[in-house]
Amino acid sequence: MESYKIMLGENEIPNKWYNVIPDLPTPLPPPLKPDGQPVGPEDLAPVFAMELIKQEVSPERWIEIPDEIIEIYKIWRPTPLRRAYCLEKDLKTPARIYYKDESVSPPGSHKPNTAVAQAYYNKIEGTRTLTTETGAGQWGSALAFATNKLGLDLRVYMVKVSFDQKPYRKILMETWNAQVFSSPTNRTKAGRSILEKDPDCLGSLGIAISEAVEDAVSHDDAKYTLGSVLNHVMLHQTVIGLETKKQLDLAGETPDVLIGCVGGGSNFAGLSFPFVKDKIEGRLNADIIAVEPTACPTLTKGPYRYDHGDAVKMTPLLKMYTLGHDFVPPGIHSGGLRYHGGSPLVSSLVHDKVVRAKAYHQIEVFEAALKFARTEGMVCAPETAHAIKAAIDEAEKCSQTGEEKCIVFNYSGHGFFDLGAYREYLSGNLKEYEYPKEKIAESIAALPDIE
Ligand SMILES: *Cc1c(COP(=O)(O)O)cnc(C)c1O
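Each value, and the rule that gives it
- Residues numbered from 1 in each chain as written.
- Predicted model: local features only at pLDDT ≥ 70, side-chain atom pairs only at ≥ 80, totals over all residues.
- Heavy atoms only, no water.
- Pairing = 2+ DSSP bridges.
- Helix = DSSP H or I, 4+ residues; strand = E, 2+ residues; numbered from the N terminus.
- Polar contact = N/O pair within 3.5 Å; in protein donor to acceptor, adjacent residues only side chain to side chain.
- Contact = heavy atoms within 4.5 Å.
- Axes fitted to C-alpha atoms, helices over the stretch in contact; angles between N-to-C directions.

**Student:** Tell me about the sheet that holds strand β11 (residues 287-293), and name the residues and values.
**Tutor:** Strand order in this open sheet of seven strands is β1-β4-β5-β15-β10-β11-β14, and the pairing throughout is mixed. Here the strands that pair on one side only, and so sit at the sheet edges, are β1 (5-6) and β14 (356-360). Bridge count between strand β10 (residues 257-261) and β11: five bridges; the pairing is parallel. Bridged to Ile259 within β11 is Ile289.

Right, dumping it as structure tokens:
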């Protein structure tokens, strides 16, 4: 009998996170202030909890996970590694396809892996209120789950296009005691300045970040949190890959292909970084693929440059693949993939060709989501569907070559709050979108003049 899922016991939740920084082939370029000077801890202290600032620049390869965080992880971790037998059969592929199911968390995605950690460090340092932005609503829900669990208040700036498309995400956040605003708002200077220029602005993660940071720095008891992009977020997510490694060992497998979708890069990093370590050390020869939408093609079309993380240039400059901080992506359904930049760690690994990037169109991605739902039965988030599409492509290549590859992808979240997008696809109204070259050139031209 073959197993459909490979499970671990609660005592097998990793007790350390893996930090890829000391293992990078090229040292990470430091964050810079707008004047080009390196950012110090004192610059970040008004915004982030000190322990998270330390983790952001830590040279330690392994960082201990506090017991109180592991206790909360136990609510849904370890997550299952599932074998996609039914999809394999449907594709008639000799490949073996596995997916790490991060959709089993209470908010339904991988995001609480870092939300719980960020809320915890803030709590022990005396923060009373957290602020954040959210795109599709998954980060806001994950943080609401975490702040509610740890007894903190939360103010969420939700990108307007998602606020309007996904009312149930807001209700979920409110269920977990968070306050939710449609961004751009009139509550902040950043929001007001955008609304003056464009009262109908659909919002963007960049704008919402500006608002949430401004809210945090203008209140003494408040700190800001970010659900992706930053090094400490990638760090916390490595529980995904560390568990996957144990599970593949149990199945007697070595991965040939590892796949994750990329918005800011955290679920991709979480799955892949523990394997990236083996690849850099020459112990693993896997093809590691970061998948993004053609509507927001950061890694495939952006330059590797210093840029701001937000629209009004409040955040430090990070060296990353970027489409420019004033890039406002179209209102595609993968709200979680609509960010102009990418994780500096993931960017560095793409630049050094340890991992590679690939982009797909929205409609082929939804076709993959539907195939997955109709074979495996699982209804995925539109973001996750990008990883599924790439896994199907790789498995189909194996059908042609006869190669029996082991393909592993991260099932970053379920799609139960994204049924509006499924409705559009099923009724034939989903539109193809590829961001026009000229528009990308325009926002890239506005990048700061630092190489
Ligand atoms: C937020 C989100 C993403 C994209 O964010 P990353 O930081 O790139 O992982 C992908 N999938 C789901 C389900 C998400 O909630």
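**Student:** Hey, could you go over the side chain of Thr185 for me, with residue numbers and the actual values?
**Tutor:** In this structure, Thr185 sits in the loop between β8 (179-183) and α9 (189-197). A polar contact is formed between the side chain of Thr185 and the backbone nitrogen of Arg187, at a distance of 2.9 Å. In this structure the side chain of Thr185 is engaged in a polar contact, spanning 2.5 Å, whose partner is the side chain of Glu211. Each residue touching Thr185, except ones within four places of it in the same chain, is listed here: Tyr157, Gly191, Arg192, Leu195 and Glu211.

**Student:** So what's going on with the sheet that holds β8? Which residues, and what values?
**Tutor:** Two modes of strand pairing occur in sheets, parallel and antiparallel, and in both the strands are linked by backbone hydrogen bonds. Across the sheet, four strands lie side by side as β8-β7-β6-β9; this open sheet has parallel pairing. One side of each edge strand has no neighbouring strand; the edge strands of this open sheet are β8 and β9 (222-224). Looking at each pair of strands side by side, their axes are set apart by 25 degrees on average, direction ignored. Summarising the sheet, strand β7 (residues 153-159) and β8 pair through five bridges and their orientation is parallel. The residue of β8 that forms the bridge with Met158 is Ser182. Where helix α6 (residues 138-150) meets the sheet, it contacts β6 (129-134) and β7, and its direction lies at approximately 160 degrees from that of β6.

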